[in-house]
Every structure is written in structure tokens, then in C-alpha cells.
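Coordinates in review
For reference, the chains in residue letters:
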Amino acid sequence: MATERPKPATEDVKMDLFEDDDEFEEFEIDQEWEAKEEGKEATQQWEDDWDDDDVNDDFSLQLKRELESNTEKK
Amino acid sequence: MCLKQDASRVIRQADRYSQYADILLPLFRALQSYRLKNLVESYQAFEKSANAFTQEFRNWESAWALEALYVIAYETRILAERADSELASNGKTPEKLKGAGSFLMKVFGVLAGKGSKRVGALYVTCQLFKIYFKLGTVHLCKSVTRSIETARIFDFEEFPLRDKVTYMYYTGRLEVYNENFSAADHKLSYALSHCNPRKERNIRMILKYLIPVKLSIGILPKTLLLEKYNLTEYNNIVLALRRGDLRLLQRALHEHEDQFLRSGVYLVLEKLELQVYQRLLKKIYIIQKQKDQNKAHQIKLDLIVRALKWLEIDMDVDEVECIMSILIYKNLVKGYFAHKSKVVVLSKQDPFPRLTGKAVNS
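From a predicted model like this one, the values you see are computed outputs, not experimental measurements.

Quick look at the overall build of chain A
A count of helical and extended segments in chain A gives two helices and one strand. Secondary structure elements of chain A occur, N-terminal to C-terminal, as α-β-α. Burial status across chain A gives 28% buried among its 74 residues. Only carbon and sulfur atoms are counted for the fraction: they give 48% of the accessible area of chain A, which is about 5400 Å².

Quick notes on the confidence of the model for chain A
Residue and element names in this part refer to chain A. When the pLDDT values of chain A are averaged, the result is 71; 59% of them are 70 or greater. Ranking the elements of chain A by mean pLDDT puts helix α1 (residues 8-17) last with 42 and strand β1 (residues 46-47) first with 93. Every residue in residues 1-18 scores below 50 in pLDDT, and together they form 14 contacts with partners more than four places removed in sequence or on other chains.

Notes on the packing of aromatic side chains
Each pair of aromatic rings is reported with the distance of its centres and the angle of its planes. Residue and element names in this part refer to chain B. With the rule as written, the count across this model stands at 21 aromatic pairs over all chains. Ring centres of Phe133 and Tyr170 lie 4.9 Å apart, and the angle between their planes is 55°; on these two criteria the pair is classed as tilted. Highlighted residues: Phe133 in helix α6 (residues 121-135) and Tyr170 in helix α8 (residues 161-177), separated in sequence by 37 residues. Like Phe133, the residue Tyr170 is buried in the burial classification. Residue placement shows Lys117 over the ring face of Phe57; its charged tip is 5.0 Å from the ring centre. Stacked on the ring of Tyr70, the Lys or Arg Arg162 has its end atom at 5.0 Å from the ring centre.

Side note on the confidence of the model for chain B
Residue and element names in this part refer to chain B. Taken as a whole, chain B shows an average pLDDT of 93; of its residues, 95% reach a score of 70 or greater. Of all helices and strands in chain B, the one with the weakest mean pLDDT is helix α1 (residues 2-13) (66), whereas helix α13 (residues 246-255) scores best (98). Among the scores for the predicted complex, ipTM is 0.84 and pTM is 0.89.

Some words on the sheet that holds strand β2 (residues 298-300) of chain B
All names here are of chain B. The three strands lie next to each other as β2-β4-β3, forming an open sheet whose pairing is antiparallel. Unpaired on one side and paired on the other, β2 and β3 (335-338) mark the two borders of the sheet. The average angle at which neighbouring strand axes cross in this sheet is 25°, direction not considered. Strand direction decides the pairing type here: β3 and strand β4 (residues 343-346), joined by four bridges, are antiparallel. Considered in β4, the bridge of Tyr336 is made with Val345. Seen against the sheet, helix α16 (residues 273-291) touches β2 and β4 and runs at an angle of roughly 115° to β2.

Details of helix α2 (residues 19-35) of chain B
Here α2(B) spans 25 Å end to end across 17 residues, near enough to the 24 Å set by a 1.5 Å rise per residue. Of all the residues in α2(B), the buried ones are B:Ala21, B:Ile23, B:Leu25, B:Pro26, B:Ala30 and B:Ser33.

Things to note about the pattern of salt bridges
Under the counting rule described, the total for this entry stands at 27 salt bridges over all chains. One salt bridge connects B:Arg77 with A:Glu23, and the closest N-O pair in it is separated by 3.1 Å. One end of the pair, B:Arg77, is in helix α4 (residues 66-89); the other, A:Glu23, is in the loop between α1 and β1, on a second chain. In terms of burial, B:Arg77 and A:Glu23 fall into one category: buried. Note that B:Asp185 and B:Lys214 form a salt bridge whose closest N and O atoms lie 3.1 Å from each other. One end of the pair, B:Asp185, is in helix α9 (residues 181-194); the other, B:Lys214, is in helix α10 (residues 200-216), and 29 residues separate them in sequence. No difference in accessibility class separates B:Asp185 from B:Lys214, as the two residues are buried.

The rules we used
Residues numbered from 1 in each chain as written. Chains lettered and ligands numbered in written order. Predicted model: local features only at pLDDT ≥ 70, side-chain atom pairs only at ≥ 80, totals over all residues. Heavy atoms only, no water. Helix = DSSP H or I, 4+ residues; strand = E, 2+ residues; numbered from the N terminus. Buried < 20%, exposed > 50% of the residue type's maximum accessible area, 1.4 Å probe, protein only. Areas by Shrake-Rupley, 256 points an atom, 1.4 Å probe, with all protein chains shown as cover. pLDDT = per-residue confidence, 0-100. Contact = heavy atoms within 4.5 Å. Phe/Tyr/Trp six-rings, centres within 6.5 Å; stacked < 30°, edge-to-face > 60°. Lys NZ or Arg CZ within 6 Å of the ring centre and 35° of its normal. Pairing = 2+ DSSP bridges. Axes fitted to C-alpha atoms, helices over the stretch in contact; angles between N-to-C directions. Expected span 1.5 Å × (residues − 1). Salt bridge = Lys/Arg side-chain N within 4 Å of Asp/Glu carboxyl O.

Now the structure itself:
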């Protein structure tokens, strides 16, 4: 085996192509769980009405300053 | 070796069980080769045994041996992967996993028909997905999914939960690559809500694909979710959307470019740019409105150029005009364009329509 070491670099690249970083872990064949038990957390951590009219965050305040300073220059 | 000879003698003596010789002898050979760390030979023998078992399984009327078949399908895949890395490290072409794919396709054929064996078809499908995703031959998934999804004789819900979750995860990823965001949302959300809560790594993998999908239909994950599953690469992208901060979006994409390219979501995230423009324009509009209620719906292109310059994005009036036309065309902004006076005139009613769960028109 030791004699067959010489070209590791190219092999690494090659094996890299045969990779799926996100291979789903196996569930054991007899593993069971309640379908409803989960989710409560991960499925409820979303916001669809985040698009508010609030412009009091730092970014908006800086934007405001920027826009106003420029209009005054005119 | 002794074991093999004994087994062979015993089995051949019992003539009416002779078909089991085809299953057991190569199986012992596979075990022996495995013990000697000769993985390619081990795989070849195992596939022979698995093939003989599948032939028998085909003839049995009931699905009593389904669990054994599951183990065989799983071991075939894992052994083939190991055999391939042995081949690769000897400078040979890895081909066993591809072979395992063809073999499992046969197994799928045995299960996919009518009757009690069909319940096992989804497990084998999931093993095939893992092979195709690893080999980068995901187009092959199609023939299997078609058979699963078009069958009227078997309701998808009757498959075991663990297989449904895995199936939805992989088909969801396929929908992400095809940019079918509403189908991807449906499938990945199904996987998320049905996944075993103790399999945190799997939940994380589902979210890794579901988050870009949700973002492109205008739904944001809460910070808590990103932190709990260590998906912090999305933090700044979410913040960029909230702020309308184009510079931050570009930085975040750049910073995690490799990661996003590897998982294939880079192009999806890149398209969020239009939403960020929309948000920035909306902020400019609200700031104007605070100063002068009446003129707020007219936004000078100059002003947008300045805002972009502040964000270190160098664009002239013509380029901004082009972006604004795209926003209007894609229905992210309602309004029209006064070309001569270089002004965007926003509609007085709902000038920035929300996506409400639908992707930006393409």
C-alpha cells in the first residue's frame, strides 16, 4: 500500500466531485416518531410581514442623513 | 474459509433449499473479503448475493422479507462507496456506486408494482437519490419520481414516515435547482414539519435549502432559527433584505460564495437583489413622505444614485433607470417612469406590492 501513495493531490479533487455535502442521515429502519410532535419550533420561526414602514433603525437614519445633506447642497 | 466450505456442504445437501446457496455463498465471500479489507471484491460478492436474494424476493407472494431487503439496499450503497474510494486510491476509476445504482434500480422495479411490496419502494428510492446526488447524476431521479408520483394505485401518504421525509428533502432540493420555488417550499416544509425532532443535523440540512426558498418568496427566518441550527451564513443576507442594504447583500454573497455555490443556492440568493432594491426604494419613499406628504410619490433618480453611491455602488442615472424599469416590470414597484424629468412616479395605492408567498415574476 505504501508504494501506491504518490499522487494524492489529483485524487482529492476527483473524489471531491463525488461528494454531496448534504447527504441526509439515515433514519433507523424501525425508528418511529410522532409526526405532529415536531415542527412547533422550526416551522414557526418565520416572518412574512417584516416589510414594515419603520425607518428608525440605524441604517435608515444614516440613509436619511445622506439624502438630506445632499439635497441641501443643491 | 472453513466456514464457507461447511456452509456450502450443508446447503448443497439440502437439495430443496439449493437456491439459498446463491444467496449465502457470495455473502460469506463478501464478509471474508471485507474482513481482509478487500472492499472491491467484497462489493462484487455482496452484489451477487443481493441479486440472488432479490430474485427470491420477487417470487415470494408477500412482503415478509421487506426489512431484509432494506438492509441489503442500504449495505449495497455503503459498500459500493467504500469500494469506490479503494479504487480511487489505487488510481482506478470508481464505478461501483454507479453499479449499485443500476442494481437498486432493479430492486425498485421489483417493488414498484401493485401489491403489498410497494410500500418498500420509497425506501429504495431514497437510497437511489443518495447515490445520484453523490455522483452528480440527479437527472436520473426523474424516472423514479415519475413512478412514485403518478401512481394512482398507491397513496403517497401510505409510505413510512421516515421515507416520506427523506423523499421530500431530496425532491425539494431538485425543485430548488429547477427554481420551482412554490413546489420547493411545499416539499421542504413537509420534510421540516415531519422530520424526527431528534435528528437535528437533518433539520439543519432541510433548512439550508428551505431558507433561500423562503427568502425568494418574501418570507424571512427569525434570528433564533438561524442561531439554533448554526446557519449564520444567512444572517447578513436576511439583514440586507430588512434594510435594503445592497452593499451588505453583495458582501454576504461574496463572503460565503464557496459554500453557497457548493450547495447550489448561490443563484437563488443572487436574485434577492431585486427585493433589496425594492426595500431601499421603499425606505427612500418613506423618508420623503415624512418630509413632504404630497410629493413623496415622485422619486428623483438622482436621489437613488446618491443612495447607491453612499452604499459604494457606482451607478449612473441610466443604469438606475434600467433597474427601476425592471422593478416595475416584475411588479415589485407600481408606478411609471417620467423619462424626461428623470423621475419615478409611484402609484398612490400600494406602490410596493408584497410577494405574499409567491416568487418574483421571471
